[in-house]
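Below, each chain spelled out in residue letters.
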Amino acid sequence: MSFFKRRNVGVHPVYAKNTSGANPRVLSNISQVKIPVCMQIGPPPQVCVAKGDQVKVGQLIAKPEAPMSVPVHASVSGEVIDIVSEVQANGRPCDVVVIKNDKRFSPAPELEAPVVNSKEDFLAAVRASGLVGLGGAGFPTHIKLNPPADKPIDFLLVNGMECEPYITSDDWLMQNRAKEIFEGISQVLRWCQIPQAIIGLENNTPEALAALNKELATRPDKDKIKIVSLPAVYPQGAEKVLITSLTGRQVPPQGLPHDVGCLVMNVASLAHIASYLENGMPLVRRLLTLDGPALNRSGLYDAPIGSSIADLLDFAGGLVKVADKVIMGGPMMGVAVSRLDAPILKMNNAILVFDHETAKLPEEGPCIHCGRCALHCPMHLMPTMLDKYARKSDAEHLALFDVNECIECGACTYICPAKRYLVQNIRVGKQIVRNYQAAAQAQQTKEAK
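Computed from a predicted structure; not experimentally measured.

Asks: Lay out the overall build of the protein chain with the relevant residues and their values.
Replies: On a plain count of helices and strands, the protein chain comes out with 14 helices and 17 strands. Reported as C-alpha extents along the three principal axes, the dimensions of the protein chain are approximately 60 × 60 × 50 Å. Taking all 449 residues of the protein chain together, the buried fraction comes to 51%. Here the contacts in the protein chain between residues at least 6 apart in sequence split such that 73% fall between residues at least 24 apart. Treating the 46 positive side-chain charges of the protein chain as one cloud and the 44 negative ones as another, the clouds have centres 3 Å apart.

Asks: Any details on the side chain of histidine 142? Residues and values, ideally.
Replies: With respect to the element layout, histidine 142 can be found in helix α2 (residues 141–144). Only 3.0 Å separates the side chain of histidine 142 from the backbone oxygen of proline 67, close enough to count as a polar contact. Residue contacts for histidine 142: discarding those within four places in its chain leaves Pro67, Met68, Ser69, Val70, Leu123, Val126 and Arg127.

Asks: Hey, could you go over the nonpolar core for me, with residue numbers and the actual values?
Replies: Among the nonpolar cores identified, the biggest contains 80 residues, and Phe122, Leu156, Ile185 and Val188 are the most heavily contacted of them. Not counting chain neighbours up to four residues away, the residues in contact with valine 188 comprise Phe122, Leu145, Leu156, Gln193, Ile194, Leu263, Met265, Leu270 and Ile273. Residues Cys377, Val403, Cys406 and Val433 belong to the second largest nonpolar core, which totals 14 residues.

Asks: Lay out the packing of aromatic side chains with the relevant residues and their values.
Replies: According to the stated counting rule, one finds three aromatic pairs in the structure shown. For the ring pair tyrosine 166 and phenylalanine 354, a centre distance of 5.8 Å and an interplane angle of 80° mean the geometry is edge-to-face. On the criterion of sequence distance, the pair formed by tyrosine 166 in the loop between β9 (155–160) and α3 (169–176) and phenylalanine 354 in strand β17 (residues 350–354) is long-range, its members being 188 residues apart. On the basis of relative accessible area, phenylalanine 354 is assigned to the buried category, the value being 8%. Between tyrosine 389 and phenylalanine 401 the ring centres are 5.9 Å apart and the planes differ by 25°, which places this aromatic pair in the stacked class. Linking tyrosine 389 in helix α11 (residues 383–391) with phenylalanine 401 in the loop between α12 (395–400) and α13 (411–415), this pair joins segments that are twelve residues apart in sequence. No difference in accessibility class separates tyrosine 389 from phenylalanine 401, as the two residues are buried. Over the face of the ring belonging to phenylalanine 315 we find arginine 25, whose NZ or CZ atom lies 4.4 Å from the ring centre.

Asks: Account for the state of the cysteines, with residues named and values stated.
Replies: Applying the stated criterion across every chain yields a total of one disulfide. Covalently, cysteine 38 is tied to cysteine 94 through a disulfide, its sulfur atoms 2.0 Å apart. Of this pair, cysteine 38 sits in the loop between β2 (32–36) and β3 (46–47) while cysteine 94 sits in strand β8 (residues 93–101), and the two are 56 residues apart along the sequence. There is no disulfide at cysteine 163, and the cysteine sulfur nearest it, in cysteine 409, is 9.0 Å away. The thiol of cysteine 367 is not disulfide-bonded; the next cysteine sulfur, from cysteine 373, is found 6.6 Å away.

Asks: Can you explain the pattern of salt bridges? Please cite residues and give values.
Replies: The full count for this structure, using the stated rule, is 19 salt bridges. A salt bridge links lysine 151 to aspartate 259; the nearest nitrogen and oxygen atoms lie 3.0 Å apart. Of this pair, lysine 151 sits in the loop between α2 and β9 while aspartate 259 sits in the loop between α6 (239–247) and β12 (262–266); the two residues are 108 residues apart in sequence, bridging distant segments of the chain. Look at aspartate 259 and you get partly exposed, because its relative accessible area is 31%. Arginine 420 is paired through a salt bridge with aspartate 387; the nearest N and O atoms lie 3.3 Å apart. Of this pair, arginine 420 sits in the loop between α13 and α14 (422–448) while aspartate 387 is found in helix α11, placing the two residues 33 residues apart along the sequence. In terms of burial, arginine 420 and aspartate 387 fall into one category: buried. In the salt-bridge network here, residues are joined through shared partners; they are Lys34, Glu86, Arg339 and Asp341.

Asks: Outline helix α4 (residues 178–191), listing residues and values.
Replies: The end-to-end C-alpha distance of α4 is 20 Å, a good match for the 20 Å that 14 residues give at a rise of 1.5 Å each. With ten of its 14 residues buried, α4 lies for the most part within the structure. Within α4, the full set of buried residues consists of Ala178, Ile181, Phe182, Gly184, Ile185, Ser186, Gln187, Val188, Leu189 and Trp191. Phi turns positive one or two residues past the end of α4, at glutamine 193, with a value near 55°.

Asks: Can you break down the sheet that holds β2 residue by residue, with the values?
Replies: Strand order in the open sheet formed by four strands is β2-β8-β7-β4, and the pairing between neighbours is antiparallel. If you trace the sheet from one side to the other, it starts and ends with β2 and β4 (54–55), each paired once. Here nine bridges tie strand β7 (residues 78–87) to β8, and the two strands are oriented antiparallel to one another. Across the sheet, residue glutamate 86 finds its bridge partner in β8, namely cysteine 94.

Asks: Tell me about the side chain of serine 77, and please be specific about residues and values.
Replies: Checked against the element boundaries, serine 77 lands in the loop between β6 (72–73) and β7. Excluding residues within four positions of it along the chain, serine 77 makes contact with Val55, Lys56, Val57, Lys100, Asn101, Asp102, Lys103, Arg104, Phe105 and Ser106.

Asks: Describe the environment of isoleucine 83, naming the residues involved and giving the relevant values.
Replies: Relative to the helices and strands, isoleucine 83 is located in strand β7. Through-space distance from the C-alpha of isoleucine 83 to that of isoleucine 35 is 9.5 Å; in sequence the pair is 48 residues apart.

What counts, and at which threshold
- Residues numbered from 1 in each chain as written.
- Predicted model: local features only at pLDDT ≥ 70, side-chain atom pairs only at ≥ 80, totals over all residues.
- Heavy atoms only, no water.
- Helix = DSSP H or I, 4+ residues; strand = E, 2+ residues; numbered from the N terminus.
- Buried < 20%, exposed > 50% of the residue type's maximum accessible area, 1.4 Å probe, protein only.
- Contact = heavy atoms within 4.5 Å.
- Lys, Arg positive; Asp, Glu negative; His and termini not counted.
- Charge placed at Lys NZ, Arg CZ, Asp CG, Glu CD.
- Polar contact = N/O pair within 3.5 Å; in protein donor to acceptor, adjacent residues only side chain to side chain.
- Core = buried A, V, L, I, M, F, W, Y, C linked by side-chain atoms within 4.5 Å.
- Phe/Tyr/Trp six-rings, centres within 6.5 Å; stacked < 30°, edge-to-face > 60°.
- Lys NZ or Arg CZ within 6 Å of the ring centre and 35° of its normal.
- Disulfide = S-S within 2.5 Å.
- Salt bridge = Lys/Arg side-chain N within 4 Å of Asp/Glu carboxyl O.
- Expected span 1.5 Å × (residues − 1).
- Pairing = 2+ DSSP bridges.

Here's what the structure looks like:
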């Protein structure tokens, strides 16, 4: 339980920013893409093309029907050769549109910059662009930009904290597309009526800091925007941690950033907003980091959404060692994938490939009650107690020790000298609590009848 006032703590993994300074290579010579339509939190859009249809880059292939849903667009031009249901990396089935790439990358003729004259226009444009949070969570951006009317926003917090090891995609964006990032910030400040923005980045990215400061000096709204460089510590980029670091405010238990007057957006999301408002091209490609000891050539890659990991690896020169584990995202919070034909998704910012030696999990030992997991937990929880009660399937004690406040950053597992699988069991513990609460609700409903 969080008895004390939070202070931001964490761990210091080896950052291994091997691709820092690299320029992106464009992946284009691929035979097909397989685009899942469920690349977001919330209900997926409905497929609106059929097998045999010809499509262009940016053309709508899945139309949103629920308010929280966002559209999905073709990332290549060519023929729709199949629509199938496949199990994704998260274990859930999803409709997938398979498009044979004609390698022309012809843009859809209907694409044009949206006309924005109001907040409603702006939110509609963000939604039409297909944007979800590009920091990894996949939350629909048009929903995030429209908090409840009784939750006024004081700060737009711009997340440039690329605190996971290996990943450098956002660092490149801040160095090379600072103008677009600031234009995205200005648009959000204007249409969402937010008085000021703070850009946060870590002090191990001095080139990005210099590029941002140079661009800020030219901006007419520079008095509304501040840049803050913070000490590099993981997980500095976690939403609740970043809010406390930049504003001193603390999101309450079970609360959201708008409860403390904050809106948090990733630099890649803001750059995309600026780009879409200028040219009308929706989110169809992803800049990502490819790295890991099993690779022949690490680097940054600009890939069509839906291209396979296997295609990306081939383009990068293949492997020098057998790939024992492939991770979408960073090594701390990423998701391991079971097959190399898995597609690149909207929220992917990295693909990491590890060989047997670097992927091997250590054997668990008994907890030695050292307290390091609690000392380093950024949410000031007691991971050892959550681990204990998850293994016992004790929902009541898991709730008592605030299991749902865990942000699953993995700092506890990283720092544990006994190599306990803490965050893995805490994830299981959250599901135990959900199942317990659902059963209790069902029982109450039954008794009420």
